[in-house]
Amino acid sequence: GESVGLHLPTLSVQEGDNSIINCAYSNSASDYFIWYKQESGKGPQFIIDIRSNMDKRQGQRVTVLLNKTVKHLSLQIAATQPGDSAVYFCAEIPLLGGYQKVTFGTGTKLQVIP
Amino acid sequence: DARVTQTPRHKVTEMGQEVTMRCQPILGHNTVFWYRQTMMQGLELLAYFRNRAPLDDSGMPKDRFSAEMPDATLATLKIQPSEPRDSAVYFCASGLVSDGAVRVSKNIQYFGAGTRLSVL
């Protein structure tokens, strides 16, 4: 069936460097994508979202890039901080509105080295 | 600060016992989700409610699991009888989606802190 997956299960970066977390999706009909951050012992938290009619969206220190041609999503974190250490999930939603079954990726663990 | 509240945070029980997990969604949200998270399977959707009606429970083992929303402020997930393979973290999430009464341009789920279940 359709699935969302991640290229790298674990990513280690030096504090202050930029981090890039990647996600591949297989449902070309997906209309909406979300990145979630899950810290140890907590539930996933919304970070940033992007619609399929956009290529890029920026938040505070985070940027999401969407390449529909190759069905690829990435999350860029600028000046990575120890507090960014967590598991990051991409989530794929077919269409906005109505019942939408969200497909979550397997997650990438980001380790920030002080 | 609105949040999804789950109780209990931790539950240790013996095989065969009934387990009830509770969730208070964010006030005003019209959708509630139950997920199970394990190292092997990641986040799995168990059940989905919209306006308190169950719309999708295809991910839930029907013989032992049941999910209900007695009212708009409470969602429950029950396992009876519990088995060791049910050990996992169970998350509840709520959100707001477009329906006849409301129109939204986003589809964000807000997660609770989870219930960590250990079945011995």
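Rules used throughout
Counting restarts for each chain: residues are numbered from 1 in the order of the written sequence. Working convention: letters from A go to chains and numbers from 1 go to ligands, in the order in which they are written. It should be noted that, the model being predicted, local features are given only for residues of pLDDT at least 70 and side-chain atom pairs only at 80 or more, the latter also being counted only at that level, while totals for whole chains, interfaces and linings use all residues. To obtain the side-chain values, all non-hydrogen atoms of the structure were included, while hydrogens and water were left out. Secondary structure elements follow DSSP: runs of H or I no shorter than four residues count as helices, runs of E no shorter than two count as strands, and numbering proceeds from the N terminus. Only buried residues count toward a nonpolar core, which is a set of Ala, Val, Leu, Ile, Met, Phe, Trp, Tyr and Cys residues joined through side-chain atoms within 4.5 Å. Note on classification: 1.4 Å probe, protein chains only; a residue is buried when its accessible area is under 20% of the maximum for its type, exposed when over 50%, partly exposed between these limits. Only strands that DSSP links by at least two bridges are regarded as paired with each other. Axis lines are fitted through C-alpha atoms, for helices just across the contact stretch, and the angle between N-to-C directions can take any value from 0 to 180 degrees. Any pair of nitrogen or oxygen atoms within 3.5 Å is treated as a polar contact; in protein, a donor-acceptor pairing is required on top of that, and neighbouring residues in sequence qualify only through side-chain atoms on both sides. The contact definition used throughout considers only heavy atoms, calling two residues in contact when any of these lie within 4.5 Å. We call a pair of cysteine sulfur atoms a disulfide when they lie within 2.5 Å. Each aromatic pair joins two rings of Phe, Tyr and Trp (for Trp, the six-membered one) with centres within 6.5 Å, and gets the label stacked for planes under 30 degrees apart, edge-to-face for over 60, and tilted for any other angle.

> Is there a simple way to explain unusual backbone geometry in this structure?
Leave glycine aside and you will find that most residues have negative phi; peptide bonds, for their part, are mostly trans. Cis geometry is adopted by the peptide bond preceding Pro 8 of chain B, which originates at Thr 7 of chain B and carries an omega value of -10 degrees. By the element assignment, Pro 8 of chain B lies in the loop between β1 (5-7) and β2 (10-13). The omega torsion across Gln 80 of chain B and Pro 81 of chain B is -5 degrees, close enough to zero to call that bond cis. A positive phi angle, close to 50 degrees, is found at Ala 79 of chain A, a residue other than glycine. On the secondary structure map, Ala 79 of chain A appears in the loop between β8 (72-77) and β9 (86-93).

> How should I be thinking about the nonpolar core in this particular structure?
For soluble globular proteins, nonpolar side chains are generally found buried alongside one another. Membership of the largest hydrophobic core comes to 22 residues, with the highest contact counts inside it found for Trp 34, Leu 77 and Tyr 90 of chain B. Looking at this core, the elements that each hand over two or more residues are β3 (19-24), β4 (31-38), β5 (42-50), β7 (65-71), β8 (74-79), β9 (88-95) and β11 (115-119) of chain B. Among the nonpolar cores identified, the runner-up in size contains 20 residues, and Leu 11, Leu 73, Ile 77 and Leu 110 of chain A belong to it.

> Looking at this structure, how should I read the sheet that holds β1 of chain B?
Hydrogen bonding along the main chain pairs the strands of a sheet, whether they run parallel or antiparallel. Residue and element names in this part refer to chain B. Strand order in the open sheet formed by 4 strands is β1-β3-β8-β7, with antiparallel pairing between adjacent strands. Two strands close off the open sheet at either side, each with one partner strand: β1 and β7. When the angles between neighbouring strand axes are averaged without regard to direction, this sheet yields 20 degrees. Direction of pairing for β3 relative to β8: antiparallel, over a ladder of 5 bridges. Bridging from a neighbouring strand, Cys 23 pairs with Ala 75 of β8.

> I would appreciate a short explanation of the side chain of Thr 115 of chain B in the present structure.
Residues and elements named next belong to chain B. Turning to its location among the elements, Thr 115 is positioned in strand β11. By relative accessible area, which is 0% here, Thr 115 ends up buried. Among the polar contacts listed, one links the side chain of Thr 115 to the backbone oxygen of Pro 8, at a separation of 2.5 Å. Residue contacts for Thr 115: discarding those within four places in its chain leaves Gln 6, Thr 7, Pro 8, Arg 9, Met 21, Ala 88, Val 89 and Tyr 90.

> Even after reading the chapter, I still don't get the state of the cysteines, so can you show me in this structure?
Put plainly, two cysteines are in a disulfide when a covalent bond ties their sulfur atoms together. Enumeration over the complete set of coordinates arrives at 2 disulfides over all chains. Each sulfur in the disulfide pair Cys 23 of chain A and Cys 90 of chain A lies 1.8 Å from the other. Handedness here is read from the sign of the S-S torsion; for Cys 23 of chain A and Cys 90 of chain A, about 50 degrees, the answer is right-handed. With Cys 23 of chain A in strand β3 (residues 19-25) and Cys 90 of chain A in strand β9, the pair connects residues that are 67 residues apart, well separated along the chain. Judged on exposure class, the residue Cys 23 of chain A and its partner Cys 90 of chain A are both buried. The disulfide that involves Cys 23 of chain B links it to Cys 92 of chain B, with 1.9 Å between the sulfurs. Between Cys 23 of chain B and Cys 92 of chain B, the S-S torsion sits near -60 degrees, and that sign places the bridge as left-handed. Linking Cys 23 of chain B in strand β3 with Cys 92 of chain B in strand β9, this pair joins segments that are 69 residues apart in sequence. No difference in accessibility class separates Cys 23 of chain B from Cys 92 of chain B, as the two residues are buried.

> Which parts of the structure should I look at to understand the packing of aromatic side chains?
How two aromatic rings sit relative to each other is given by the distance of their centres and the angle of their planes. Going through the model one piece at a time under the given rule, you end up with 9 aromatic pairs over all chains. Judged by centre distance (5.4 Å) and plane angle (90 degrees), the rings of Phe 104 of chain A and Tyr 35 of chain B are edge-to-face. Highlighted residues: Phe 104 of chain A in strand β10 (residues 103-104) and Tyr 35 of chain B in strand β4, drawn from two different chains. Each member of the pair, Phe 104 of chain A together with Tyr 35 of chain B, is buried. A centroid spacing of 4.7 Å and a plane angle of 45 degrees characterise the contact between Phe 33 of chain B and Tyr 48 of chain B, whose relative ring orientation is tilted. Here Tyr 48 of chain B lies in strand β5 and Phe 33 of chain B lies in strand β4, a separation of 15 residues in the sequence. Each member of the pair, Phe 33 of chain B as well as Tyr 48 of chain B, is classed as buried. Through successive ring pairs, a cluster of aromatic residues spans Tyr 36 and Phe 104 of chain A together with Phe 33, Tyr 35, Tyr 48, Phe 91 and Phe 111 of chain B.

> Explain the environment of Ala 79 of chain A to me, please; I cannot follow it from the model alone.
By relative accessible area, which is 37% here, Ala 79 of chain A ends up partly exposed. Through-space distance from the C-alpha of Ala 79 of chain A to that of Asn 22 of chain A is 17 Å; in sequence the pair is 57 residues apart.

Fair warning: the whole summary comes from geometry, so function is off the table for now.
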